[in-house]
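Now for the letters of each chain:
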Amino acid sequence: MSTHLSPGASGAIRRFAGWVARGSVGHPMLDGIDYWDELKDSPSQMEICFAVFANVLELDDQGRPVNEKH
């Protein structure tokens, strides 16, 4: 068993960070909701956002994410 994140897992987290930074998380479901305004002013909210994403991310046997867009 590896002690590092798989390339798929680290890529999913990197993509999620990009979505958060661009304000496009959940698009189009969150279209029109300015969540970025809340997150930028509250580091603990941002930390929670990433913790939830990492905790619900599911990987297949090869370490590829299977639910990152959900």
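Residues numbered from 1 in each chain as written. Predicted model: local features only at pLDDT ≥ 70, side-chain atom pairs only at ≥ 80, totals over all residues. Heavy atoms only, no water.

A.B. asks: Can you help me understand the packing of aromatic side chains in this one?
C.D. replies: Counted according to the given criterion, the structure contains two aromatic pairs. Between Phe 16 and Phe 50, the ring centres sit 5.1 Å apart and the planes meet at 75 degrees, which makes this aromatic pair edge-to-face. Placement of Phe 16 in helix H1 (residues 7-22) and of Phe 50 in helix H3 (residues 43-56) is noted, with a sequence separation of 34 residues between them. With centroids separated by 4.1 Å and ring planes inclined at 5 degrees, the aromatic side chains of Phe 16 and Phe 53 adopt a geometry described as stacked. Of this pair, Phe 16 sits in helix H1 while Phe 53 sits in helix H3, and the two are 37 residues apart along the sequence. One exposure class covers both Phe 16 and Phe 53, and it is buried. Each residue in the set Phe 16, Phe 50 and Phe 53 is aromatic and connected to the rest through ring pairs, giving one cluster. (Phe/Tyr/Trp six-rings, centres within 6.5 Å; stacked < 30°, edge-to-face > 60°. Helix = DSSP H or I, 4+ residues; strand = E, 2+ residues; numbered from the N terminus. Buried < 20%, exposed > 50% of the residue type's maximum accessible area, 1.4 Å probe, protein only.)

A.B. asks: Explanation requested: the nonpolar core in the structure shown.
C.D. replies: In globular proteins that are soluble, nonpolar side chains generally tend to be buried together. Within the largest apolar cluster, nine residues are counted, these being Ala 12, Phe 16, Val 20, Val 25, Tyr 35, Leu 39, Met 46, Phe 53 and Leu 57. Taken together, the elements giving at least two residues each to this core come down to H1, helix H2 (35-40) and H3. The element that contributes the greatest number of residues to this core is H1, accounting for three residues. Not counting chain neighbours up to four residues away, the residues in contact with Leu 57 comprise Ala 9, Ala 12, Pro 65, Asn 67 and Glu 68. (Core = buried A, V, L, I, M, F, W, Y, C linked by side-chain atoms within 4.5 Å. Contact = heavy atoms within 4.5 Å.)

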